[in-house]
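Chain by chain, the residues:
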Amino acid sequence: MYIEFRRQPMKNTQDFIQANHDRFLAELLEFLRLPSISADPAYATSVRQTAEWVAESLRKVGADHVRLEETAGFPIVYGEKMIDPAAPTVLVYGHYDVQPADPLHLWDNPPFEPIIKDGKIFARGACDDKGQVFMHIKAFEAMHASGELTCNVKFMIEGEEEVGSDNLGLFVSSNRALLAADVILISDTAIIANDTPSIDVGLRGLSYMEVSVQGPNRDLHSGVYGGAVANPINILCQMIASLHDEFNRITIPGFYDGVLDLSAADRAAMGQTPFDLDAYQKDLGIQTVYGEKGYSSIERASIRPTLDVNGIWGGYTGEGAKTVLPSMAHAKISMRLVPNQRSEEITQLFTKHFLSIAPKGVKVTVKAHHGGEAYLMPTDSIAFQAASDALATTFGKDPVPTRGGGSIPIVALFEKELGIKSILMGFGLDTDAIHSPNEHYGLFNFYKGIETIPHFFANLAKLSN
């Protein structure tokens, strides 16, 4: 049976995909209407309903042993189709939870009422990660329905990626036999452009912190007490500003000790990646770029570590004026890490340093939320070749190896616990506004993913023989 599967062409699969374009899109829109915001307890019921929706979708397209694997948080959706013990096994990972949609007033349409405009689907989760997860379900449906499924496949779709995947590690370590596979396939990244395919061969790690500055025991009148009592917001801003020097390098002692620097040859190769600086600035509405001295924009956003304030609040933020000297100020800070930086070590370094720079008159607290490790993928593997050839088939040109600036902490976790490498074959674009208002995903990208994934399966089966 395995040899017969391998020898069948993919034409039937591609014909099935073309014939079901409209249905695939309608089902994706249904998926996007489910507000699966894992960070907000108010949406807990919706998150679980979304998990059940994904499970039912897998059952409908022919997956076996589909079930919700319960965790201390939201469930993981598992399903599989084992066609032949001699065939390679692909473990498909993705997530059905999404980021909060705030601020809602900046959306052109309600975030969970998807619309199609200019060839793009606008909705929270359209690209990250519902649209990309759904590509795999539909590609599997097409391969299975046409009799051209060449590999065993397992699905593991979680509901806590956007809040740190706190419960995934225990599930993975407790289910090594269940999750045994030859490669993990993930679509939660982007390509360079619709005419320039790429494969991410690296990801940055993450350390996510929350800091608070406590001043007086209550909010004070800024006229009566201003200038005599430390203002927590002023202090917090000064402390945060001190975390970068005049060259935009991070000032935390020891922060760069483990950073893996690229060779001049590797940097030169990265410099060949197509990049239009003017278009980049125009898209973002900025007049110039910004960042660590001595590095290009591509390098700053991929191979260099960063420290960014993700949110800051305190005092009065309502309409009109209120002359208040606040009692407290808070900020959320994330650090993107590169290979050889360990998230736990960076968390400790940040905590020690931030506490050390607190002036007298205030109390500072630091809380670690979640983190993850950076990842590098070898480009000489069978799985990478299978992905590269698949993209070359559907795009008509070889993909460019790139490094992603974002973090998928579970990729390093998978390698540690399962001993399996991951292929990051995403189809989004950096301009898709993920995590932002008006997130969107191109119809071209959605369908191109569904068309490409079966070629990956066929190539992997052929190369594994």
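Since this is a predicted model, take the numbers as computed values, not measurements.

Caption draft 1: Spatial organisation of the packing of aromatic side chains. Tallied over the full model, the rule gives 12 aromatic pairs. Between the aromatic rings of Y93 and F414, the centroid separation amounts to 5.4 Å while the plane-to-plane angle is 70°, which identifies the pairing as edge-to-face. A residue pair is termed long-range when its members are at least 10 positions apart, and Y93 in strand 3 (residues 89–95) and F414 in helix 14 (residues 410–418) qualify at 321 residues. Since its relative accessible area comes to 2%, Y93 is described here as buried. Residue F414 is classed as buried on the basis of its relative accessible area, which comes to 0%. With 6.1 Å between their ring centres and 85° between their planes, F456 and F457 make a pair best called edge-to-face. You can call F457 buried: its relative accessible area is 2%. Pairwise contacts between aromatic rings join F31, W53 and F134 into one cluster. The residue whose ring lies beneath R249 is Y256, and the NZ or CZ to ring-centre distance is 4.0 Å. Over the ring of F395 we find K448, and its NZ or CZ is 5.4 Å from the ring centre.

Caption draft 2: Up close: the side chain of Q14. Here Q14 is to be found in helix 2 (residues 11–19). Judged by its relative accessible area of 17%, Q14 falls in the buried class. There is a polar contact of 3.4 Å between the side chain of Q14 and the side chain of H455. Beyond its immediate stretch of four places on either side in the chain, Q14 contacts E451, P454 and H455.

Caption draft 3: Representation of the nonpolar core. Membership of the largest hydrophobic core comes to 91 residues, with the highest contact counts inside it found for M156, F414, F456 and F457. The element contributing the most residues to this core is helix 15 (residues 443–464), with nine residues. Discounting chain neighbours no more than four positions away, the residues touching F456 are V90, V183, L185, A383, A386, A387, A390 and M425. Counting 25 residues, the second largest nonpolar core, distinct from the first, contains Y256, L307, M335 and V362.

Caption draft 4: Seen up close, the sheet that holds strand 12 (residues 306–314). The four strands are arranged 12-14-10-15 in an open sheet whose pairing can be described as antiparallel. The open sheet has two edge strands with one neighbour each: strand 12 and strand 15 (363–372). Adjacent strand axes in the sheet meet at a mean angle of 15°, parallel and antiparallel pairs treated alike. Sheet contacts for helix 8 (residues 232–241): strand 10 (205–214), strand 12, strand 14 (328–337) and strand 15; angle to strand 14, the most-contacted strand, approximately 15°.

Caption draft 5: Geometry of the layout of surface pockets. When its volume is computed, the second largest pocket comes out at roughly 670 Å³. Forming the boundary of the second largest pocket are 26 residues, of which S343, G371, G372, E373 and P409 lie nearest the centre. Going through the elements one at a time, strand 10, helix 12 (343–356), strand 15, strand 16 (375–376) and helix 14 are the ones with two or more residues in the lining of the second largest pocket.

Caption draft 6: Broad picture of unusual backbone geometry. Along the chain, D102 connects to P103 via a cis peptide bond; the corresponding omega equals -5°. Along the chain, the position of P103 falls in the loop between strand 3 and strand 4 (115–117). One non-glycine residue with positive phi stands out, namely N340, at about 85°. Since its relative accessible area comes to 52%, N340 is described here as exposed.

Caption draft 7: Structural view of the pattern of salt bridges. For the structure shown, the criterion picks out 20 salt bridges. K332 is the partner of E210 in a salt bridge, and the nearest nitrogen-oxygen pair spans 2.6 Å. With a gap of 122 residues between them, E210 in strand 10 and K332 in strand 14 connect regions that are remote in the sequence. One connected set of salt bridges, linked through shared partners, spans R23, E27, K138 and E141.

The rules we used
Residues numbered from 1 in each chain as written. Predicted model: local features only at pLDDT ≥ 70, side-chain atom pairs only at ≥ 80, totals over all residues. Heavy atoms only, no water. Phe/Tyr/Trp six-rings, centres within 6.5 Å; stacked < 30°, edge-to-face > 60°. Helix = DSSP H or I, 4+ residues; strand = E, 2+ residues; numbered from the N terminus. Buried < 20%, exposed > 50% of the residue type's maximum accessible area, 1.4 Å probe, protein only. Lys NZ or Arg CZ within 6 Å of the ring centre and 35° of its normal. Polar contact = N/O pair within 3.5 Å; in protein donor to acceptor, adjacent residues only side chain to side chain. Contact = heavy atoms within 4.5 Å. Core = buried A, V, L, I, M, F, W, Y, C linked by side-chain atoms within 4.5 Å. Pairing = 2+ DSSP bridges. Axes fitted to C-alpha atoms, helices over the stretch in contact; angles between N-to-C directions. 1 Å grid on protein atoms, 1.4 Å probe; cavity = no way out; pocket = protein on both sides within 12 Å on 5 of 7 lines; lining within 4 Å. Points joined across faces, edges and corners; volume = space filled by probe spheres on them. Salt bridge = Lys/Arg side-chain N within 4 Å of Asp/Glu carboxyl O.

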